[in-house]
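Here are the chains, one letter per residue:
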Amino acid sequence: MARFDRYMLSQLLWVFGFFSLVLVTIYWINRAVVLFDQLIANGQSAFVFLEFTALSLPNVIRVVLPVSAFAAGLYVTNRMANESELVVVQATGYSPWRLARPMIVFGLFVALLISVLVHVLVPASTGKLEKRTAEVSENLTARLLSDGAFLTPASGVTFYIRDIDASGALRDIFLSDARKSSERTDYTAERALLLRSESGPKLLMFQGLVQRLDLATDRLAVTRFEEFAFDIADLVDIPGVGARGVRQLSTPELLFPTPELVVETGQTMAALRYDGNARFGDALIGAVTPVIGFAIMLLGGFSRFGLWKQMVGAIICLILIQLLDNAITDAARGAGLWPLAYVPALSGFAIAAVALGASARPGLLKRTRTATP
């Protein structure tokens with residue numbers, strides 16, 4: 001690459017890294033506050049908190065990279081224009097198309113990063129996060145069980161444990177279930193254990209009794225038991241691993257879905273194919289965003305007020321591309337029109353090409369302004 005290309009690319013990468021770090025930090029802080037309330041407040045360790053935030057980072061970075069690439073393209077172009085670096089280079093004979101070469105290389109670099117994220121890191125981290133969420137949620141010793149205190153894990157439910165010994169056994173259990181409006185049931189037991197099952201955690205109680213009060217007739221039924229299993233999955237919000245979502249699937253699975261995958265996800269084959277192609281479309285959008293900003297910033301001549309009009313125009317173009325992407329996704333996902341997933345990116349390349357062509361012929365813009373009454 002020419003010296004100018006290396007210089008401009010180094011500036012883009014430095015600014016891109018800075019903006020990415022700032023935006024990821026902002027997103028991460030918002031996510032970390034929610035996770036902190038959910039995990040630390042429920043008795044989980046700081047290691048679990050850091051693990052969850054790390055697993056959520058790939059998807060956050062995927063969202064941030066196109067925006068930071070666009071911001072880097074605008075910032076570097078604006079700085080080089082203000083310091084007359086672009087004017088000097090253009091005076092040596094560089095056309096707008098030639099000036100755009102380092103920006104295109106930078107866009108391809110961003111597309112490569114997004115491709116690694118959407119095809120590899122995001123599916124892997126999302127699947128791992130789903131499993132760890134289910135595991136942590138089933139850790140009822142941290143979430144639900146606290147000895148010597150009356151707890152209300154759900155509306156109408158009161159739970160009390162006198163003591164939890166070193167082996168994990170629960171001593172002197174009291175459980176009152178008044179969720180049904182027609183009856184109230186109280187469970188008491190000398191000892192209990194927590195067991196995991198495919199349908200969720202169970203509370204296995206020993207040497208106790210069940211007192212069921214019919215509120216309509218005021219009749220009390222008492223039953224003694226040696227062993228009794230109580231399903232406590234409904235007492236707390238315990239998400240299961242369940243079927244995989246679209247984000248957990250690999251790209252080949254989305255592009256070539258099987259009938260079993262359709263049943264597992266509850267999506268149609270057309271929707272799955274569209275989601276697979278949309279991942280490639282996301283990478284292309286990441287490649288075109290800095291080029292759009294650069295191309296539109298080259299429009300117009302020098303102004304003492306700066307290039308704020310071009311900046312606003314570039315931002316509007318980016319918003320329109322995002323709106324187009326959302327509209328096409330809603331319309332084409334269920335219809336099986338997967339080629340439309342590439343339309344937003346192709347529209348962005350078309351806008352950039354038109355802007356570069358117009359900046360290469362500044363006399364055309366002047367004649368257009370002169371002809372306008």
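Residues numbered from 1 in each chain as written. Predicted model: local features only at pLDDT ≥ 70, side-chain atom pairs only at ≥ 80, totals over all residues. Heavy atoms only, no water.

**Notes on the overall build of the protein chain**
Item 1. Within the protein chain, the secondary structure is distributed over 12 helices and 6 strands.
Item 2. Sorting the 373 residues of the protein chain into buried and exposed places 39% on the buried side.
Item 3. Partitioning the intrachain contacts of the protein chain with sequence separation of at least 6 by distance along the chain shows that 61% fall at a separation of at least 24.
Item 4. Only carbon and sulfur atoms are counted for the fraction: they give 62% of the accessible area of the protein chain, which is about 20,000 Å². (Helix = DSSP H or I, 4+ residues; strand = E, 2+ residues; numbered from the N terminus. Buried < 20%, exposed > 50% of the residue type's maximum accessible area, 1.4 Å probe, protein only. Contact = heavy atoms within 4.5 Å. Areas by Shrake-Rupley, 256 points an atom, 1.4 Å probe, with all protein chains shown as cover.)

**With respect to the nonpolar core**
Item 1. Counting residues in each nonpolar core, the largest one holds 42 residues, and the members touching the most others are Phe4, Met8, Phe16, Met103, Phe106, Ile292 and Phe294.
Item 2. Contributing elements (two or more residues each) for this core: α1 (3-39), α2 (46-82), α3 (85-91), α5 (101-137), α9 (269-297), α10 (308-332) and α11 (343-360).
Item 3. For Met103, the residues in contact, after removing those within four places along its chain, are Met8, Leu12, Gly73, Thr77, Pro290, Val291 and Phe294. (Core = buried A, V, L, I, M, F, W, Y, C linked by side-chain atoms within 4.5 Å.)

**Things to note about a nonpolar patch on the surface**
Item 1. A grouping of Trp308, Val312, Ile315, Ile316, Ile319, Leu320 and Leu323 is seen on the molecular surface, where their side chains present a nonpolar patch of about 670 Å² in accessible area.
Item 2. Along the chain, Ile319 falls in helix α10.
Item 3. Ile319 sits in the partly exposed class, given a relative accessible area of 47%. (Patch = residues over 30% accessible without salt bridge, like charges linked within 9 Å, V, L, I, M, F, W, Y side chains within 5 Å. Salt bridge = Lys/Arg side-chain N within 4 Å of Asp/Glu carboxyl O.)

**A look at the side chain of Ser68**
Item 1. Structurally, Ser68 can be placed in helix α2.
Item 2. The residues contacting Ser68, other than those within four sequence positions of it, are Phe16, Phe19, Ser20 and Leu23.

**Things to note about the packing of α9 against α10**
Item 1. Close contact between α9 and α10 brings their axes to 9 Å; oriented N to C, the two are set at 165°. Here α9 lies roughly antiparallel to α10, going by the angle between them. Remark: the crossing between α9 and α10 carries right-handed chirality. Taken together, the residues of α10 that come into contact with α9 (itself represented by Tyr274, Asp282, Ile285, Thr289, Ile292, Gly293, Ile296 and Met297) are Gln310, Met311, Gly313, Ala314, Cys317, Leu318, Ile321, Asp325, Ile328, Thr329 and Ala332.
Item 2. Taken together, the residues of the contact of α9 with α10 sort by class into 12 nonpolar, 5 polar and 2 charged. (Axes fitted to C-alpha atoms, helices over the stretch in contact; angles between N-to-C directions. Parallel < 35°, antiparallel > 145°, perpendicular 65-115°, else oblique. Left-handed = near helix turned anticlockwise from the far one by under 90°. Nonpolar A, V, L, I, M, F, W, Y, C, P; charged D, E, K, R; others polar.)

**So, the packing of α9 against α11**
Item 1. Packing of α9 against α11 brings their axes to within 8 Å, and their N-to-C directions diverge by 20°. As summarised for this structure, α9 and α11 are arranged roughly parallel, according to the angle between their axes. Here the hand of the crossing between α9 and α11 comes out left-handed. Here Gly281, Leu284, Ile285, Val288, Val291, Ile292, Phe294, Ala295 and Ile296 of α9 come into contact with α11, specifically with Pro344, Ala345, Gly348, Phe349, Ile351, Ala352, Ala355 and Leu356.
Item 2. Per-class residue counts for the contact of α9 with α11 are 15 nonpolar, 2 polar and no charged.

**Side note on the pairing of strand β4 (residues 183-195)**
Moving residue by residue along a regular strand, the side chains alternate between the two faces of the sheet.
Item 1. Relative to β4, strand β3 (residues 170-177) runs antiparallel, the two being bridged by 7 bridges. Across the sheet, Leu170 pairs through a bridge with Ala192, a residue of β4.
Item 2. Between β3 and β4, which pair antiparallel in sequence order, lie 5 residues.
Item 3. By the bridge criterion, 12 bridges tie β4 to strand β5 (residues 202-214) in an arrangement that is antiparallel. Residue pairing in the sheet places Leu194 in a bridge with Leu203 of β5. (Pairing = 2+ DSSP bridges.)

**Some thoughts on the confidence of the model for the protein chain**
Item 1. On average, residues of the protein chain carry a pLDDT of 82, and 85% of them reach 70 or more.
Item 2. Of all the helices and strands in the protein chain, helix α12 (residues 362-371) carries the lowest mean pLDDT, 51, while α9 carries the highest, 90.
Item 3. Note on residues 367-373: pLDDT under 50 across the span, and 2 contacts to partners over four residues away in sequence or across chains. (pLDDT = per-residue confidence, 0-100.)

**Section: the pairing of β5**
Item 1. Relative to strand β6 (residues 219-231), β5 runs antiparallel, the two being bridged by 12 bridges. The partner of Leu213 across the bridge, within β6, is Leu220.
Item 2. Connecting the antiparallel pair β5 and β6 is a turn made up of 4 residues, with Asp218 showing a positive phi of about 60°.

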